[in-house]
Amino acid sequence: MSEAIQDKYFVPEAAKWPLVGSISLTILFCGFASYLNGSLLGPTMMVIGFILFVIMLFGWFGQVVNESEAGTYRKWEDMSFRMGMCWFIFSEVMFFAAFFGALYYAREFSVPWLLGDGDGLPTHNLLWPGYTEVWPTNGPDDLGGSDYHMGWWPLPFINTVILLTSGLTVTWAHHAIKVDNRKQFVYGLFLTVLLGFIFVFLQGYEYVYAYDQGMKLSSGIYGSTFFMLTGFHGLHVTLGAIILLVMLVRAMLGHFSGHRHFAFEAAAWYWHFVDVVWLGLFIFVYIL
Amino acid sequence: MNAYSVDHSHDDLHDHGPPPGLMRWVTTTNHKDIGTLYLWFSLIMFFIGGFMALIIRTELFQPGLQIVDPHFFNQMTTMHALVMIFGVVMPAFVGLANWMLPMMVGAPDMALPRMNNWSFWILPFGFAMMLSTLFMEGGGPASGWTIYPPLVLQTGDALPFLIFSIHILGVSSIMGAINIVATIMNMRAPGMTYMKMPLFVWTWFITAYLLIAVMPVLAGAVTMLLTDKFFGTSFFDAAGGGDPVMFQHIFWFFGHPEVYILILPAFGIVSEIIPTFSRKKLFGYSSMVYATASIAFLSFIVWAHHMFTVGMPLAGEIFFMFTTMLIAVPTGVKVFNWVSTMWRGAMTFETPMLFAIGFVIMFTIGGFSGLMLAMTPIDFQYHDTYFVVAHFHYVLVPGAIFAIIAAVYYWLPKWTGNMYDEKLGKAHFWLSTIFVNILFFPMHFVGLAGMPRRIPDYAVQFTDFNQIATIGAFGFGFAQILLLVVAIKCIRGGAKATNEVWEGAHGLEWSVASPAPYHTFSPQPVVK
């Protein structure tokens, strides 16, 4: 009762990195918007904004890592971080839900209605005569010229195996750090990162293949949903792999211990999240 | 080993208040500072958004085109809504949460203080981006705040700036909501169980879940707009197999929970104020909690009532009609509980109580008109008329805004240590209440008679009611200057406030000094 509350919970003093974050994001987004509007200044601004953003990430996370290594955080602060990460991942789930929802709506409503479902009126015969395609489709106007169907065999299946295996290796690493087995911890992390980047590489290979077949982002609703869903997932895998790479470097620098390794756990949660999203993609985008 | 040694920073915390100068505000991690920043930001945006509303009302003073051209009129309706929703009501609620939640649950600060700073400081940047679109080639967005394609895709240079500013505002809201959830779940003082939390904490807890669940969906929706416009996707283009209606579904899956985000914290505020000035405990505390949770749950399965006229299958119309009407049940529970709390209470009518009672009455009017709109066949008649405008302005202005103002009067003595000028406060209430009804009540009539919304011109027979509404708008707008005057006067001085401030006030926030010290609760409080 007599202990000051500020001795129990760490409330940091002046934070300078959030401001850098705001400025960098503003430059990055304004640059991107200007680029889309055809301004020559856009790309330069994007590069500056992105570099500033990366500096902010290094600065902010570096400060937190230093504090963590100095033992500033105890159980109470640790729990705040855990909750923050959990709900951040939940918000990411909802972001993907929007795109899965678009896929569902397109397949269950948009396309069938273009074929005359819905209120059962024959208007589609006047608007889109001759349109008979079902999924996959690039629409009544045959946008992009091809709706080549990306099957689940062999590449997506191999990628599924890779991601699921990486989920196992990251769990192996987790078990290792829990008993302070640093060697296995590093090996497990290394394998996870490696598998992650192999996944991204194969995904890139698949995109090149799709474009060779004429199936593009602009190939109607199938291309839109396919590339946006797998694209945002690929971005998240790349991000997750980079986060795990940072954890690998920290593990080799001797950070973390059996009872204190939240940053690694957060990265592992994030990794499992991209894993689960992939399973959704594998089922709803590739198989069904 | 590093610059942030534990002992050093703790000495700092005990010994001194905030560092002086501008950088105090830019780099602050203190929940009270950040709350203050949110509230001032919100007040400034309130006047900007209000100015836009006055341009709209000035144009509508007479039929025919008078002051602005139609394209600019449309920009004003769009920006007025975006500013008021994302720049006024949401930041004001987050500001109140920042100030009060840690004090109400007995916490040293918000759970994630640095992120708290970022949640606020990214907002002015986002709004600078959004407002700058008004000066761009082709003007600002003019599609209405619902940014439906294909219309919104005709926006000029403003489109990508609008979309990215919405992303930034979303990032701000999500970070703020995560912080609030973590604070409530992790930072409560010993003995502060969930069912002992003040209702303002409960309503914000549930609101924060709504925010985390739906802001990313909005981000997804506007991202699809961006790729449809610039990268050749066809989510909302029938020629490619997509559907513009798909956007409406995704948007309103965000949009309907969003309207509860704009009102649930208001419910919490009113549930704090009415018991204090009735000198009675809140009637039906646990039913209030369950009602709030029910409203939040239902908000996810009612979205298509915003699009009854879009051509949905009958089964969809009926489903969304009934789920929507269901919401009246938990909302009715709340109104019943507020009235029952006042029943046989030893009531006094200080300014916060006046605004709270005004809220209960006028929010209920907005609720009833909402019930009318919930009925599909009736909505076919009212859709996109001024009746809808009257409905949501009743729940947002004498609803959400009145609750925010009530909260400001209620907690201002705790923030500043001084009592505000009661006479001016009461004048502010009566002027606001009279003019807000002059402003919005006639809109019901012109709406029922068929005047469409978002159009700068109207048929001659609507003139009288529109002129009355415009007079009300100017009256209400200028009355709000009183709020600024009262706030500044109260900050600069006045009768000293006691710790308890109000005779009937209960809760941890009233146990600390007035003004609340920079760092509250040392030692940590224990709730019995």
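Up top is the structure these notes are about.
### Considerations on the overall build of chain B
Along the backbone of chain B there are 18 helices and zero strands. Taking 528 residues into account, the globule formula puts the C-alpha radius of gyration at 24 Å, and chain B, at 23 Å, falls close to it. Principal-axis analysis of the C-alpha atoms places the extent of chain B at approximately 65 × 60 × 45 Å. Considering chain B as a whole, with its 528 residues, one finds that 65% of them fall into the buried category. A total of about 17,800 Å² of accessible surface is found on chain B, and carbon and sulfur atoms cover 71% of it. Where the 21 positive side-chain charges of chain B centre and where its 26 negative ones centre are 14 Å apart.

### Here we look at the packing of helix α7 (residues 199-230) of chain B against helix α8 (residues 244-261) of chain B
Residues and elements named next belong to chain B. The geometry of α7 relative to α8 is characterised by a closest axis approach of 9 Å and an angle of 150° between their N-to-C directions. On the basis of the axis angle, α7 is roughly antiparallel to α8. Of the two possible hands of crossing, α7 and α8 adopt the one that is left-handed. Contact with α7, carried on its side by Thr207, Leu210, Leu211, Val214, Met215, Val217, Leu218, Ala221, Met224 and Leu225, involves Phe247, Ile250, Phe251, Phe253, Phe254, Pro257, Glu258, Tyr260 and Ile261 of α8 and no other residues of that element. Residues of the contact of α7 with α8, tallied by class, amount to 17 nonpolar, one polar and one charged.

### Notes on the pattern of salt bridges
All chains considered together, the criterion is met by ten salt bridges over all chains. One salt bridge connects B:Arg114 with A:Glu67, and the closest N-O pair in it is separated by 2.5 Å. Residue B:Arg114 is found in helix α5 (residues 113-132), and its partner A:Glu67 is found in helix α2 (residues 42-69); the two belong to separate chains. In this structure, B:Arg279 engages B:Glu503 in a salt bridge whose closest nitrogen and oxygen atoms are separated by 2.3 Å.

### Overview of the interface of chain B and chain A
At the interface, 80 residues of chain B touch 78 residues of chain A. Taken over both partners, the interface formed by chain B and chain A buries close to 6,800 Å², and the fraction arising from carbon and sulfur atoms is 72%. Linking chain B with chain A are one salt bridge, by the criterion used here. Connecting chain B to chain A are 15 residue pairs in polar contact (both at pLDDT 80 or more).

### Some thoughts on the nonpolar core
Where a protein is soluble and globular, its nonpolar side chains tend to be buried together. All names here are of chain B. By size, the foremost hydrophobic cluster in this structure holds 270 residues, and its most contacted members are Phe86, Trp204, Trp338, Phe359 and Trp411. At 23 residues, the largest contribution of residues to this core is made by helix α4 (residues 70-105). Ignoring anything within four residues of it in the chain, the contact list for Trp204 reads Phe93, Val94, Ala97, Leu101, Ile180, Leu211 and Pro265.

### Focus: a nonpolar patch on the surface
A contiguous nonpolar patch, built from A:Trp152, A:Trp153, A:Phe157, A:Ile158, A:Val161, A:Ile283, A:Phe284, A:Ile287 and A:Leu288 and spanning about 860 Å² of accessible area, is present on the exposed surface. Breaking the nonpolar patch down by element, the ones donating at least two residues are α5 (155-178) and α8 (262-287) of chain A.

### Here we look at α5(A)
Across its 24 residues, α5(A) extends 35 Å between first and last C-alpha, which sits within 8% of the 34 Å expected from 1.5 Å per residue. Immediately beyond the C-terminal end of α5(A), within one or two residues, lies A:Asp180, with a positive phi of roughly 60°.

### Here's the deal with unusual backbone geometry
Looking along the chain, the bond that leaves A:Trp135 and enters A:Pro136 is cis, with omega of -5°. In this structure, A:Pro136 sits in the loop between α4 (123-127) and α5. Despite not being glycine, B:Arg279 has its phi angle at roughly 55°, a positive value. Positive phi is not limited to glycine here, since B:Asp384 has a value of about 60°.

Conventions adopted
- Residues numbered from 1 in each chain as written.
- Chains lettered and ligands numbered in written order.
- Predicted model: local features only at pLDDT ≥ 70, side-chain atom pairs only at ≥ 80, totals over all residues.
- Heavy atoms only, no water.
- Helix = DSSP H or I, 4+ residues; strand = E, 2+ residues; numbered from the N terminus.
- Rg over C-alpha atoms; globule rule 2.2 N^0.38 Å.
- Buried < 20%, exposed > 50% of the residue type's maximum accessible area, 1.4 Å probe, protein only.
- Areas by Shrake-Rupley, 256 points an atom, 1.4 Å probe, with all protein chains shown as cover.
- Lys, Arg positive; Asp, Glu negative; His and termini not counted.
- Charge placed at Lys NZ, Arg CZ, Asp CG, Glu CD.
- Axes fitted to C-alpha atoms, helices over the stretch in contact; angles between N-to-C directions.
- Parallel < 35°, antiparallel > 145°, perpendicular 65-115°, else oblique.
- Left-handed = near helix turned anticlockwise from the far one by under 90°.
- Contact = heavy atoms within 4.5 Å.
- Nonpolar A, V, L, I, M, F, W, Y, C, P; charged D, E, K, R; others polar.
- Salt bridge = Lys/Arg side-chain N within 4 Å of Asp/Glu carboxyl O.
- Buried area = accessible area lost by both parts, 1.4 Å probe.
- Polar contact = N/O pair within 3.5 Å; in protein donor to acceptor, adjacent residues only side chain to side chain.
- Core = buried A, V, L, I, M, F, W, Y, C linked by side-chain atoms within 4.5 Å.
- Patch = residues over 30% accessible without salt bridge, like charges linked within 9 Å, V, L, I, M, F, W, Y side chains within 5 Å.
- Expected span 1.5 Å × (residues − 1).

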